[in-house]
Amino acid sequence: ARRTDPGQEAQDQMDTPNTDARKSLLDTIDRMVQDGDNRDAIIKEAADGLRSATNLNLIFVMIRDDDQPTLRMCYASLGDYERRQIRDSVDLALRSVKVELGDEPMLTTFFRHGQLAQLESIHEVAELARAIAPKERIGAMAADAVRNQGIGYACVMPILAGEDIQGVLIATRYGHKPLPHEDSALVQAIAALMGPALANGGSSAR
């Protein structure tokens, strides 16, 4: 997995041509956070905005359950194939998906570094799908969906408030090409805005 440091580089990459949609999204999320909007709405706006402003296809947001050492899936934007295979075929309620923070070495590594990690092979993305799935059988199905659909790119960005883990933003796209720098910078910037919103609590997202 290739890692990119957040910070000034992210801001520099945002200042490229044709970034109106990205900057508009950031302004919207920032305004919602400052206004104290419900975190459900903030997460949905961020995820839907990423899909429309970038070439990302699937967006997942997992949040920490209060002070518990678990991450719970609170938002998943699925394609038709993924929805049929994962949600409908097994009657899986996405809000039931939980992962113990210390149980998955792959996720633990991402959180330890606290930076954007980019996975650029179907094998790595399949392992990520398996890591965030709730059961072994569902994990195998999720990994198969990745391979069948040719999802060869994913980026993983921890959502932090200070040094405290609030959740994780995971985004994938079909094929193997990485995101343009300005789009990966957008993922980092949105996760940075979401951290305080999640730390302040509120009702859970879908």
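Scroll up a little and you will see the structure.
Since the structure is predicted, the reported quantities are computational estimates derived from the model, not experimental observations.

Trainee: Help me get a handle on the environment of leucine 128, residues and values and all.
Mentor: Of note, leucine 128 is situated in helix α6 (residues 122-131). In this structure leucine 128 comes out as buried when scored by relative accessible area, which is 3%. Linking leucine 128 and valine 146, residues 18 residues apart in sequence, is a C-alpha distance of 9.7 Å. When sequence neighbours within four positions are dropped, the list of residues in contact with leucine 128 reads Met106, Leu107, Phe110, Leu119, Ala154, Val156 and Ile170.

Trainee: Which residues make up the nonpolar core, and what are the values?
Mentor: Val61 and Val187 are the most contacted members of the largest nonpolar core, which has 34 residues in total. For this core, the elements supplying multiple residues, two or more each, are α2 (20-34), α3 (39-53), β2 (58-64), β3 (70-77), β6 (153-161), β7 (164-173) and α8 (181-199). Examining the composition of this core, we find that nine residues originate from one element, α8, more than from any other.

Trainee: So what's going on with α8? Which residues, and what values?
Mentor: Taking 1.5 Å of rise per residue, 19 residues should cover 27 Å, and α8 covers 28 Å from first to last C-alpha, within 8% of that figure. Across the 19 residues that make up α8, a large majority, 14, are buried.

Trainee: Help me get a handle on the pairing of β3, residues and values and all.
Mentor: Counting buried residues in β3 gives eight out of eight residues, a clear majority hidden from the surface. Bridge count between β2 and β3: six bridges; the pairing is antiparallel. Paired with arginine 64 across the strands is leucine 71, a residue of β3. Two successive antiparallel strands, β2 and β3, enclose a turn made up of five residues, where aspartate 66 displays a positive phi of approximately 50°. Two strands pair when backbone bridges link them, and β3 and strand β4 (residues 98-100) are joined in this way by three bridges, in the antiparallel orientation.

Trainee: Now, about the pattern of salt bridges: what can you tell me, with residues and values included?
Mentor: Two side chains of opposite charge can pair, provided their charged atoms sit close to one another. All chains considered together, the criterion is met by five salt bridges. Between lysine 44 and aspartate 48 there is a salt bridge; the shortest N-O distance is 2.6 Å. Of the two residues, lysine 44 and aspartate 48 are both situated in helix α3; the distance of four residues between them amounts to about one turn of the helix. According to the relative accessible area criterion, lysine 44 is partly exposed, its value standing at 41%. A salt bridge links arginine 147 to aspartate 144; the nearest nitrogen and oxygen atoms lie 2.6 Å apart. Here the residue arginine 147 and the residue aspartate 144 both occupy positions in helix α7 (residues 136-149), the gap between them amounting to three residues, near one helical turn. The class of aspartate 144 is partly exposed, set by a relative accessible area of 38%. It is possible to trace a salt-bridge network through shared partners that takes in Arg22, Glu182 and Asp183.

Trainee: Before we move on, could you go through the packing of α2 against α3 and cite the residues and values that matter?
Mentor: At their nearest, the axes of α2 and α3 sit 10 Å apart, and the two run at 180° to each other. What the angle tells us is that α2 and α3 run roughly antiparallel. Of α3, the residues touching α2 (which contributes Ala21, Arg22, Leu25, Thr28, Ile29, Met32 and Val33) are Ala41, Ile42, Glu45, Ala46, Gly49, Leu50 and Ala53. Tallied by class, residues from the contact of α2 with α3 come to ten nonpolar, two polar and two charged.

Trainee: Tell me what's going on with the pairing of β2, and back it up with residues and numbers.
Mentor: Consecutive residues of a regular strand have side chains that alternate between opposite faces of the sheet. Buried residues dominate β2, accounting for six of its seven residues. In the sheet, β2 pairs with β7 via six bridges, with the strands oriented antiparallel. Its bridge partner being in β7, isoleucine 59 is matched across the sheet by alanine 171.

Trainee: I'd like a rundown of the side chain of serine 184, residues and numbers included.
Mentor: Positionally, serine 184 belongs in helix α8. Here the side chain of serine 184 touches histidine 181 through a polar contact of 3.0 Å, landing on its backbone oxygen.

How each quantity is defined
Residues numbered from 1 in each chain as written. Predicted model: local features only at pLDDT ≥ 70, side-chain atom pairs only at ≥ 80, totals over all residues. Heavy atoms only, no water. Helix = DSSP H or I, 4+ residues; strand = E, 2+ residues; numbered from the N terminus. Buried < 20%, exposed > 50% of the residue type's maximum accessible area, 1.4 Å probe, protein only. Contact = heavy atoms within 4.5 Å. Core = buried A, V, L, I, M, F, W, Y, C linked by side-chain atoms within 4.5 Å. Expected span 1.5 Å × (residues − 1). Pairing = 2+ DSSP bridges. Salt bridge = Lys/Arg side-chain N within 4 Å of Asp/Glu carboxyl O. Axes fitted to C-alpha atoms, helices over the stretch in contact; angles between N-to-C directions. Parallel < 35°, antiparallel > 145°, perpendicular 65-115°, else oblique. Nonpolar A, V, L, I, M, F, W, Y, C, P; charged D, E, K, R; others polar. Polar contact = N/O pair within 3.5 Å; in protein donor to acceptor, adjacent residues only side chain to side chain.

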